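Overview (structure and organization)
Listed below are the residues making up each chain.
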Amino acid sequence: MSYVKKIHDLHIVRTCSQDFARVAAESFLGALKDCDTPSPLVTLPTGHTPLGMYEELRTHHANNKALWNRIRYLALDEYADLKPDDPRLFQNWLDRELLTPLSINQDRRTGFRSDAADPEAETRRIEIWLDQNGPIDIAVLGLGTNGHIGFNEPGAVFNHVANLIALSSETRQANAAYWSGLDHVPEKAYTLGLKPILDARKIFLLVSGAHKSAILDKVMNGPITQDIPASMLRTVPNVTVIADKDALEITHG
Ligand code: F6R
């Protein structure tokens, strides 16, 4: 495709399941320490995959508060049309899991307003914010079983900065487990687009579990295509895939 200037090898870190969270946390912390920005800008996923890593980071925070005091956080994605106190909001989830435990206060957080009256103005607000405060220093991503990163679903346009999108039925099904049934999963979501994700100075893609093995193989070895948004990660040089052996079972046989 014309927008693929160069194809890069993804750097793969293979772990056993027990070490996955620790390796992910250590890799993130290493990138943070290497970061020469005074206030590193990070974006982080919700979901099942990073939970162990977040637990490791909470433990790390207890003895390393100075490192965390510098961090700025930008939301990767957010369900749309929910009220600010809704527990399903990703900002509330991450607030509980990480942001408050790590003392990343509100003045260092930026995110989508789920209940924004004008979604176009809301995505524009994030675009302007990124223009003035970006780029992202470290992007940590999970991988959807359909190849999404953030909520850039199959077909996502590569040069978008921020979007309101309709969640695919596969993604809504996957999210149903978190909110006791499909009826509780919103139909739309905001997401950072592929552009600011791919422009991040350092990207970690976290993948665990055999159910991600087929899609991870396509991401790593299949065509680079907007039908598998994570395959676009092969167009930038700074991506590390941290995957457990179950997730790599197809790729590595
Ligand atoms: C959520 C996000 C998604 C998830 C992906 C994997 O904020 O960005 O891309 O990372 O759907 O979710 P889990 O980890 O639950 O398999």
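Report on the accompanying structure. These figures come from a predicted structure and were not determined experimentally. (Residues numbered from 1 in each chain as written. Predicted model: local features only at pLDDT ≥ 70, side-chain atom pairs only at ≥ 80, totals over all residues. Heavy atoms only, no water.)

Some remarks on the overall build of the protein chain
This is how it is decided: Working definition: helices are DSSP H or I runs of at least four residues, strands are E runs of at least two. Numbering for both runs from the N terminus. Partly exposed describes any residue whose relative accessible area lies between the buried limit of under 20% and the exposed limit of over 50%, with all areas from a 1.4 Å probe on protein chains only and scaled to the type maximum. Should any heavy atoms of two residues lie within 4.5 Å, those residues are counted as being in contact. All accessible-area figures derive from a Shrake-Rupley calculation using a 1.4 Å probe, and residue coverage is judged against the displayed protein chains alone. Asp and Glu count as negative and Lys and Arg as positive, but His and the ends of the chain are not part of the count. Note that the charge is assigned to NZ on lysines, CZ on arginines, CG on aspartates and CD on glutamates.
Scanning the protein chain from N- to C-terminus turns up eight helices and ten strands. Taking the principal axes of the C-alpha coordinates as reference, the protein chain spans close to 45 × 40 × 40 Å. When burial is assessed residue by residue, the protein chain has 55% of its 253 residues classed as buried. Contacts in the protein chain between residues far apart in sequence, at least 24 positions, make up 80% of those at least 6 positions apart. Accessible area for the protein chain stands at about 11,400 Å²; split by element, carbon and sulfur atoms hold 49% of it. Placing the 26 positive and 32 negative side-chain charges of the protein chain at their respective mean positions leaves the two points 4 Å apart.

Section: the sheet that holds strand β10 (residues 239-244)
Each strand in a sheet pairs with another by means of backbone hydrogen bonds, the pair being arranged parallel or else antiparallel. Under the convention used in this document: By this definition, two strands are paired if DSSP reports at least two bridges between them.
Within the open sheet, the seven strands sit side by side as β1-β10-β9-β6-β2-β3-β5. Their pairing is parallel. Edge positions in the sheet fall to β1 (11-15) and β5 (109-110), since each has one partner strand and no second. Here strand β2 (residues 41-43) runs beside strand β6 (residues 138-142); their pairing, made up of two bridges, is parallel. Note that in β6 the partner of Val42 across the bridge is Ile138.

A look at helix α8 (residues 213-221)
So the rule is basically this: Directions are taken from the helix axis to each C-beta atom, and the arc is the one they span.
Among all positions in α8, only Ser213, Ile215, Leu216, Val219 and Met220 are buried. Down the axis of α8, the sector holding all buried residues measures 160 degrees, keeping them to one side. In this structure, the buried residues of α8 make contact with β1, β9 (202-207) and β10.

A closer look at the environment of Arg108
Quick note on the threshold: Pairs of N or O atoms are called polar contacts if they sit within 3.5 Å, as long as, within protein, a hydrogen donor faces a hydrogen acceptor (for residues adjacent in sequence, only side-chain-to-side-chain pairs).
Locating Arg108 in the fold gives a position in the loop between α4 (90-99) and β5. Along the sequence, Arg108 and Ser39 sit 69 residues apart, while their C-alpha atoms lie 9.4 Å from each other. A polar atom in the side chain of Arg108 sits 2.7 Å from the backbone oxygen of Ser103.

Examining the packing of helix α1 (residues 20-34) against helix α2 (residues 51-61)
Stated precisely, the cut-off is as follows: To get an axis, fit a line to the C-alpha atoms, keeping to the stretch in contact for a helix; angles then go from 0 to 180 degrees between the N-to-C directions. For classification purposes, angles smaller than 35 degrees are called roughly parallel, those larger than 145 roughly antiparallel, those between 65 and 115 roughly perpendicular, and all remaining angles oblique. Crossing handedness: left-handed means the near helix sits turned counterclockwise from the far one by under a right angle, and right-handed means the same turn made clockwise. Residues are grouped as follows: Ala, Val, Leu, Ile, Met, Phe, Trp, Tyr, Cys and Pro are nonpolar; Asp, Glu, Lys and Arg are charged; every other residue, Gly included, is polar.
Viewed as axis vectors pointing N to C, α1 and α2 meet at an angle of 55 degrees, and their least axial separation amounts to 8 Å. In terms of their interaxial angle, α1 and α2 are classed as oblique. In the packing of α1 onto α2, the handedness of the crossing is right-handed. Contacts between α1 and α2 involve Ala21, Arg22, Ala24, Ala25, Phe28, Leu29 and Lys33 on the former and, on the latter, Gly52, Met53, Glu56, Leu57 and His60. Residues belonging to the contact of α1 with α2 are distributed by class as follows: seven nonpolar, two polar and three charged.

A word on the site of the ligand
Going by this rule: Summary of the distance rule: residues count as near a molecule or strand when at least one heavy atom falls within 4 Å of that molecule or strand. Put plainly, a pocket is an open set of points on a 1 Å grid over the protein atoms alone with protein on both sides within 12 Å along at least five of seven lines, a cavity is a set where a 1.4 Å probe fits but cannot get out, and a lining residue has an atom within 4 Å of a point. Occupancy of a cavity or pocket is assigned to a molecule whenever over half of its atoms lie within 2 Å of that pocket's grid points.
Taken together, 15 residues are adjacent to the ligand, and Thr49, Asp77, His148, Gly150 and Tyr178 come closest. Between the ligand and the protein, one listed contact pairs an oxygen atom with a side-chain N or O atom of Thr49 at 2.4 Å. Note that an oxygen atom of the ligand is positioned 2.7 Å from one of the side-chain N or O atoms of Asp77. Protein coverage of the free-state accessible area of the ligand, which is 410 Å², stands at 90%. Placement of the ligand is best described as lying within the largest pocket. Residues that form the shell around the ligand fall into these classes: five nonpolar, eight polar and two charged.

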